[in-house]
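Close look at the chain arrangement
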Amino acid sequence: MKYDALVVGSGIGGMESALKLGDMGYKVLVVEKAPSVGGKMILLSKVFPTLDCASCISTPKMAATIHHPNIDVLTYSEVQSIRSDGNGGYHAQIRQNPKYVDEAACTGCRQCEMACNVAVPDEFNADMVSRRAAYIAFPQAVPKKAVVDRAGVSPCTHECPAGIKAHGYVARVRSGQYDEAFELVLESTPLVGSLGRACYAPCEEQCTRGELEGALPIRQLKRFIADRRYGQEFQPSPEAPESNGKKVAVVGSGPAGLTAAWQLARKGYGVKIFESAPQPGGMLRLGIPAYRLPNEVIDDDIANVTSLGVEIATQTRVEDAQGLLYDGYDAVLVAAGTHRSVRLRVPGEDKQGVTTALEFLRAVKLGEDVDLAGKQVLVVGGGNVAIDAARTARRLGAGSVHQASLESCDEMPAHDFEVEEAKAEGITLHDGWGVAELTGGERVQGAELKRCTCVFDADGCFAPEYDEKMRKQLECDVVIVAAGMGADTEAFGLETNPNRTLKADPGTLQTAVPQIFAAGDVVTGPTMITQAVGQGRRAAFMIDRYLEGTELDPAAFEEFLPRVDKLEVLRRQDVYDRREPLESSETMSAAPIDFAETEATMTEEQALDSTARCLDCGVCSECHACVDACPADAVKLDMRPEEMEVDVTSVVLATGFKLFPADAKPEYGYGRYRNVITGMQMDRLLAPTRPFNSVVRPGDGKVPDNIAYIMCTGSRDATVDNPLCSRICCMYSVKHNQLVMGALPLADVTVHYMDVRAVGKGYDEFYQQAKDMGAVFIKGRVAKITEKEDGNLIVRYEDVEGDGGVVEAEYDMVVLAVGVQPNLEVAGLFEEGSLALDEYFYVGEADEDIDPGRTNLPGVFVAGAASGVKDIPDSILHAGAAVAQAAAHVEKLKAKEEPKAKEESKAKVTV
Amino acid sequence: MSAALGSGSNGNRPAPAVANRDVREIIRDEHFMRARILEVLAEGPLTVPEIAEAIGRPTHEVVFWIMGMRKYGYVAEIKEATDEGYFQYQAVPREL
């Protein structure tokens, strides 16, 4: 791509530059960081000294810039670097940030904005009101298209192996949208209730709030929305899609199988699940005790799947996966889990009274008669399953429950909280002990334990070492072995790994038989439920692609934006309110007698309070409210940044200025005293598109009776390293004075000034006009502002022209006429140090007096306030000077190139 | 959308621990506070100080929430300010 000129920035200086160059016939590229062109001028109320409407002047220029045939505009884009091409021109590297909205489709209707569940400060209203993560910058934005503000993926969402939009459903709950939150989880998996109880919540480990008082209870929020949904009298049925005529068999009804079936059924596939157990649910049903996951919740989750027409054939063991293809299925997914128990391999393991944790838990969960009353039970193992078995035995009335694990408490694979809960329920832990032998006659009567000195070798592999001399005896009637689980895959006739898991491509989950896919624990070995759910989702995605004849591209499954940096999130605020995490609702009993759930569902108040703690790390929560609301289907959250390089003959820098940060003058209390505002904030309050309904105090909404202005805030002030006059503050304050007196006829306006600089055509008259309208001007610098309890402000100043001395005056509201600072970002566009800045760090002009707009770099020009503060007319004039030189530069290069081109052309003809 | 809060919701919560909360944090609470504010406005229009008293939160925080709710069509002001210089805000049916 080749342009005659690159204009960086689209404020009034940038727009003028582009329009003039475009009108001369040059091809121009404008690059603007904001979602709209217009810069600061479009945000102003009126312009001085004419009091013309700033919007009325700006908007035609904005529209002309966008629609000019010779001008291309990239909004929401950044110039990253500009480097010389060695021939008088430049290469510019540009990053086009994704708007996550298809501009061609977006009608600017704001439905996305109205629906969005994330509120952030509105920088286009000087942070006086909220905007949304999905937003249109301001009503006169050009282009008037929405953008979605995404800083990255929130850590909670990024961490979820199931791909559940954790931040999204938290944001939905915060807005009271409980059904919508449930539906959002359904986009990933039908197991909302099960995950709300039994998930180990890796999301919470990553929650940024965890760096403050503690993580959000993200799992419990899922349980809250599931219980609320399942508790409703009327259950909205998911809409069954039209059949696509294809059939898929799923072997296994655990988390992976159910999730895959759900996803496939939603795409119109006819799905049948084959389950060998008497009831569906896999490990959810057979392995997790009811006090953690009641059967009714699993039933509710499975009803989501069957409501789409998925059939589940229980007590149907599939011996030959390929045989299902001959039965007419177009594809098969094997998600059979890991239901084979690993043996302990110690003497006495085959005695009566010795069982495995999987058999034991399965029997109890399926309601079989398991009598442990008064028995002495030993559970062997240190994982979650061992803990589940021990706590289950306790509930069945065992006289004592001991648990022996090779690992010490710190090393046990079970989660810390589970170990603590087991202890609280009266289970005696023997950590760091292994079983040497199970003793007794035909029936087990005891166990000899030996001290385990080390569980893993230097490579982290399981290789226990023992102190054979340290032994102890335990009496027991029942031994429950929880030494691990494995896949039982021999019957499937598919290729397996040495550990008997199925061989499948990790990205596509396709086995060596193209129509057969495998997912979940049967592929990965035992994992968390969420990982199995994630595998189920991936498998469904790949099966769909396979049956559609699309390439099985693992990268196409789910491409996340980068995870947002937690430190960056925490840096967004100076202070954090302490918001206590939800207290645990676990009710523990030293001698539990039934399988009632130990954790309660949170109340609505607890749910809302918990969601209010969310920091909206990614800004956009991915709650999909905008996607649902957009009538044009324009929201595209899969958009990604685009990098481009363009060749330009000249560059016009129109990067404008920054406003002085008013809190750098702490004696004026900005940021602490709510009724102290900046000049830009007052401009917004006076603008037709103002953030409030009138000029009212931000502290309490009161219409102010008397307003003070403090001039030269951050200008002509050595204490903040800015000796320069900011030129515009006097006149914008005088403008405000008149507008305020028009808007609030009864209000008094007082200006505390050093001296009023009204240099310009009609400026002094404008100043006199303000005085004639009643504005009072008091000479003398303000030393300090203090706040009264009612929000009024005491301004302390030296009365230079009156009676002298230090005087205090009380006002309802104070406006700080903040000055201007250079925009330092511009120098970073060029090779370090190559663009010369002046002594105040504005872009340096080689000869300001006789050659305005020319920088030290040939072909690079500066327009408007980037070279030093200017008011609007001066910016426009300066832009004219800059583009005249840019045009001359382009012509000069053309003149050089033309003879060369002619010669080349002649040479070609001769050849 | 189910926006109504049940009884005993956040009305009686203690004031935030940080007296001068970060603007970003206050604004982030807008969705959370919206239902509560609409609940108190269901009785009739109120000024910012009256809303603040009803929900037990500082007036400057209420200004952020009310102005956000106004911007997004949940409330509207009554045209004339009261004698004390405050506008009253009322809940309005939201057009989507």
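Just so you know, these numbers come straight off a predicted model, no measurement behind them.

Okay, the overall build of chain A next. Helix and strand content of chain A: 25 helices and 38 strands. Oriented by its inertia axes, the alpha-carbon framework of chain A measures out at about 110 × 90 × 60 Å. Summarising the internal contacts of chain A: among those between residues at least 6 apart in sequence, 71% fall at separations of at least 24.

Within chain B, the secondary structure is distributed over four helices and three strands. Reading the secondary structure of chain B in the N-to-C direction produces α-α-β-α-α-β-β. Within chain B, counting contacts between residues at least 6 apart in sequence, those at least 24 apart form 52% of the total.

Right, let's talk about the pairing of strand E6 (residues 77-84) of chain A for a bit. All names here are of chain A. With seven bridges joining them, E6 and strand E7 (residues 90-96) adopt antiparallel strand pairing. Residue pairing across strands places Glu78 opposite Arg95, the latter belonging to E7. Counting the residues in the hairpin turn of E6 and E7 gives five residues, including Gly86, whose phi is positive at 85 degrees.

One frequent convention defines the size of an interface as the accessible area lost when the parts assemble. Between chain A and chain B, the residue contacts involve 41 residues of the former and 43 residues of the latter. Counting residues per element, the ones that place at least two in the side of chain A that touches chain B are helix H3 (111-115), strand E8 (119-121), helix H6 (178-186) and helix H20 (604-611) of chain A. Per element, the largest residue contribution to the side of chain A that touches chain B is four residues, and it comes from H20 of chain A.

Once that is clear, we can look at the environment of Glu180 of chain A. With respect to the helices and strands, Glu180 of chain A occurs in helix H6. Between the C-alpha atom of Glu180 of chain A and that of Gly214 of chain A, which follows or precedes it by 34 residues, the distance is 26 Å.

The next subject is the pairing of strand E18 (residues 376-380) of chain A. All names here are of chain A. Counting buried residues in E18 gives four out of five residues, a clear majority hidden from the surface. Pairing analysis gives five bridges linking E18 to strand E19 (residues 400-405), with the strands arranged parallel. Looking across to E19, one finds that Gln376 is bridged to Ser400. Taken together, E18, helix H15 (residues 384-395) and E19 constitute a β-α-β crossover, and its handedness is right-handed. Of the pairings in the sheet, the one linking E18 to strand E24 (residues 478-481) comprises four bridges and is parallel in character. Considered in E24, the bridge of Val377 is made with Val478.

Formed by 308 residues in total, the largest nonpolar core has its most connected members in Leu333, Val334 and Leu653 of chain A. In this structure, Val334 of chain A is in contact with Val251, Gly252, Ala321, Phe492, Leu502, Ile516, Ala518 and Val522 of chain A, ignoring residues within four places of it in sequence.

Right, let's talk about helix H18 (residues 529-548) of chain A for a bit. Between its first and last C-alpha, H18 of chain A extends 29 Å over 20 residues, near the 28 Å set by a 1.5 Å rise per residue. One or two residues past the end of H18 of chain A sits Gly549 of chain A, with phi positive at roughly 80 degrees.

We now examine helix H2 (residues 54-67) of chain A. Residues lying three or four places apart along an α-helix face the same way, a consequence of the helix completing one turn every 3.6 residues. All names here are of chain A. Along its 14 residues, H2 runs 20 Å from first to last C-alpha, staying within 8% of the 20 Å computed at 1.5 Å per residue. Listing the buried residues of H2 in full gives Ala54, Ser55, Ser58, Lys61, Met62 and Thr65. One face of H2 carries all of its buried residues, which in axial projection span an arc of 140 degrees. Residues of H2 that are exposed and point more than 90 degrees away from the buried face comprise Cys56, Pro60 and His67. The inward-facing, buried residues of H2 contact helix H1 (12-23), strand E2 (28-31), strand E3 (46-47), strand E4 (52-53) and strand E5 (71-74).

Residue and element names in this part refer to chain B. Looking at chain B, pLDDT values average 85 and 78% of them are 70 or higher. Counting contacts from residues 1-15, a segment whose pLDDT is below 50, to residues more than four positions away or on other chains yields 29 contacts. Under the prediction, the complex receives an ipTM of 0.91, its pTM being 0.92.

Residue and element names in this part refer to chain A. Looking at where Ser585 falls in the secondary structure, it is placed in the loop between helix H19 (566-571) and H20. Measuring from C-alpha to C-alpha, the distance between Ser585 and Ile707 comes to 53 Å, with 122 residues separating the pair along the chain. Discounting residues that sit within four places of it in the chain, Ser585 has contacts with Glu599 and Ala600.

Moving on, we get to the packing of H6 of chain A against helix H9 (residues 218-230) of chain A. All names here are of chain A. Close contact between H6 and H9 brings their axes to 9 Å; oriented N to C, the two are set at 110 degrees. Classified by the angle their axes make, H6 and H9 are roughly perpendicular. Counting all contacts with H6, which are made through Tyr178, Asp179, Ala181, Phe182 and Val185, the residues of H9 involved are Lys222, Ile225, Ala226, Arg228 and Arg229. Of the residues that constitute the contact of H6 with H9, the class distribution is six nonpolar, no polar and four charged.

With that settled, consider the environment of Gly353 of chain A. Residue and element names in this part refer to chain A. Note on placement: Gly353 falls in the loop between strand E16 (340-341) and strand E17 (354-356). Residues Gly353 and Glu442, spaced 89 residues apart in sequence, show a C-alpha to C-alpha distance of 9.0 Å. With sequence-adjacent residues up to four places away left out, Gly353 is seen in contact with Arg443, Val444, Asp477, Val478 and Val479.

Let us now look at the sheet that holds strand E3 (residues 88-91) of chain B. Think of a sheet as strands paired side by side through backbone hydrogen bonds, with each pair either parallel or antiparallel. Residue and element names in this part refer to chain B. Strand order in the open sheet formed by three strands is E1-E3-E2, with antiparallel pairing between adjacent strands. Lying at the two open borders of the sheet, with one neighbouring strand each, are strand E1 (46-47) and strand E2 (75-77). As defined by bridge partners, E2 adjoins E3 across three bridges and the pair is classed as antiparallel. From the neighbouring strand, Val75 faces E3, where its bridge partner is Ala91.

A few words on the sheet that holds strand E23 (residues 462-475) of chain A. All names here are of chain A. A sheet is described by the order of its strands in space; here three strands give the open sequence E21-E22-E23, paired in antiparallel fashion. Edge positions in the sheet fall to strand E21 (433-440) and E23, since each has one partner strand and no second. Averaged over all pairs of adjacent strands, the angle between strand axes in this sheet comes to 25 degrees, irrespective of strand direction. With nine bridges connecting them, strand E22 (residues 444-456) and E23 associate as antiparallel partners. Paired with Glu448 across the strands is Gln473, a residue of E23.

So, about unusual backbone geometry. Residue and element names in this part refer to chain A. Here the amide bond leading from Phe48 into Pro49 is cis, since omega sits at 0 degrees, within 30 degrees of zero. Summarising the element assignment, Pro49 is placed in the loop between E3 and E4. Put simply, Val142 and Pro143 share a cis peptide bond, and its omega is 5 degrees. Take Pro143: it is sitting in the loop between strand E10 (134-135) and strand E11 (147-148). One non-glycine residue, Leu51, lies in positive phi territory at about 60 degrees. Along the polypeptide, Leu51 turns up in the loop between E3 and E4.

Reading guide: rules and limits
Residues numbered from 1 in each chain as written. Chains lettered and ligands numbered in written order. Predicted model: local features only at pLDDT ≥ 70, side-chain atom pairs only at ≥ 80, totals over all residues. Helix = DSSP H or I, 4+ residues; strand = E, 2+ residues; numbered from the N terminus. Contact = placed C-beta atoms within 7 Å. Pairing = 2+ DSSP bridges. Buried ≥ 20, exposed ≤ 12 C-beta atoms within 10 Å, placed from the backbone. Right-handed = clockwise from strand over helix to strand, strands pointing away. Core = buried A, V, L, I, M, F, W, Y, C linked by C-beta atoms within 7 Å. Expected span 1.5 Å × (residues − 1). Arc of directions from axis to C-beta. pLDDT = per-residue confidence, 0-100. Axes fitted to C-alpha atoms, helices over the stretch in contact; angles between N-to-C directions. Parallel < 35°, antiparallel > 145°, perpendicular 65-115°, else oblique. Nonpolar A, V, L, I, M, F, W, Y, C, P; charged D, E, K, R; others polar.

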